[in-house]
Amino acid sequence: MAKIIGGVGTSHVPSIGAALDKGIADSPDWKPFFDGYIPGKEWMAEKKPDIAVVIFNDHGNTFFLDRVPTFAVGVADHYDPVDEGYGRRSIPSFEGATDLSWHFVDKLVENHFDPLVCREIEVDHGLQVPMELFFGRPENWPVKVLPIWVNTIQYPIPTPQRCWEMGKVLREAIESFPGDERVVIMGTGGLSHQLQGSRAGFINREADEDWLNNIANNYEKFRDMSREDYVEQFGSEGAELIMWLVMRAAMDDKVDLKMKHYHAPASMTGAGMVVLENL
Ligand code: DHB
Ligand code: FE
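Note that the structure is a prediction, hence the values are computed from the model and not measured. (Residues numbered from 1 in each chain as written. Chains lettered and ligands numbered in written order. Predicted model: local features only at pLDDT ≥ 70, side-chain atom pairs only at ≥ 80, totals over all residues. Heavy atoms only, no water.)

S.K.: Describe the overall build of the protein chain, with residues and values.
M.R.: Within the protein chain one finds ten helices and ten strands. Relative to the globule expectation of 19 Å for 279 residues, the C-alpha radius of gyration of the protein chain, 17 Å, shows essentially globular dimensions. Structurally, the protein chain occupies a C-alpha span of about 45 × 45 × 40 Å along its principal axes. Within the protein chain, the proportion of its 279 residues that are buried is 56%. (Helix = DSSP H or I, 4+ residues; strand = E, 2+ residues; numbered from the N terminus. Rg over C-alpha atoms; globule rule 2.2 N^0.38 Å. Buried < 20%, exposed > 50% of the residue type's maximum accessible area, 1.4 Å probe, protein only.)

Structure representation (structure tokens):
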């Protein structure tokens, strides 16, 4: 059976990728943010996973508002970075973990989830940026990817509780997969931000710190909150944090919080990460 070697929660803000593209990651504005990810990158290099499951949302780049799946899973053999309006970024394509993807889709349907199954699709900053933060800028990515898209863009978004249930199925799929692959699970999005409306620019440092401190071993309140609670506490786009719950639910009930990092603001968001290991 494949093995979960750890879980990561991280921001996926597009300007992080833009900072890398422009070579300004060492500027006074960005250095404190990127420095906090150095231990995360070292952890990943040491753990050497074979597959990264990345839970993220598309931002109108691959799915537009005319058709928005609540949950989608990639089963493609590769995923190109999508052109988000500035041309395709010069990062490598992502190789698909096709067999695990199909196995996961099968487990989802068996458990009464009905995902959109994507044989051919591109990926936006929601997947690209977490990969760059934890794997750097290699010539080729050292892992295959299994992308999971969650609608956090157009209401109604799925409930936090549904994301939690999906994480349980993800764990079942990984642990019943015939093979010895090492799998890291990356929940992405957040932290607090709101890009639009009367609260545009909203950041809630207190709620962000509380999230980072408690998602490891005091997760129940986050699992049980309503979607409205997420919007109120973290902002309309900060509700992306529900995607970390897929990762958290796939881990053990008690976990080791190996590291955490917070920096605000990064672009218009509270930003940061956690790294979790099963005990
Ligand atoms: C920003 C943050 C996001 O999470 C995102 O997906 C897009 C933009 C921002 O702060 O600019
Ligand atoms: Fe986002």
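S.K.: Can you explain the nonpolar core? Please cite residues and give values.
M.R.: Counting 55 residues, the largest nonpolar core has V53, I55, F104, L170, I185, W211 and Y230 as its most contacted members. Sorting elements by how many residues they give to this core places helix α10 (residues 242-250) first, with eight residues. Other than its neighbours up to four places away in sequence, I55 contacts I148, V150, I185, M186, G187, T188, M243, V246 and M247. Counting residues in each nonpolar core, the second largest holds 41 residues, with A76, F94, I121 and M131 among its members. (Core = buried A, V, L, I, M, F, W, Y, C linked by side-chain atoms within 4.5 Å. Contact = heavy atoms within 4.5 Å.)

S.K.: Residue-level account of the side chain of N151, with values.
M.R.: Counting through the fold element by element, N151 comes out in the loop between β7 (144-150) and α6 (160-175). In terms of polar contacts, N151 uses its side chain to reach the backbone amide nitrogen of I153, at 2.9 Å. Sequence-distant contacts of N151, defined by excluding residues within four places in its chain, comprise V68, P69, T70, P156, I157 and P158. (Polar contact = N/O pair within 3.5 Å; in protein donor to acceptor, adjacent residues only side chain to side chain.)

S.K.: How would you explain the sheet that holds strand β6 (residues 116-118) if you had to name every residue and give the values?
M.R.: Reading across from one edge, β6-β3-β7-β2-β8-β1-β10-β9 is the order of the eight strands in this open sheet, with mixed pairing throughout. Looking at the sheet topology across the chains shown, the edges are occupied by β6 and β9 (255-266). The sheet shows a mean angle of 15° between the axes of neighbouring strands, taken without regard to direction. Relative to strand β8 (residues 182-188), strand β2 (residues 51-56) is paired through five bridges, and the arrangement is parallel. Across the sheet, residue I51 finds its bridge partner in β8, namely V183. Along the sheet, α10 contacts β1 (3-10), β2, β7, β8, β9 and β10 (269-278); its crossing angle with β8, the most-contacted strand, is approximately 150°. (Pairing = 2+ DSSP bridges. Axes fitted to C-alpha atoms, helices over the stretch in contact; angles between N-to-C directions.)

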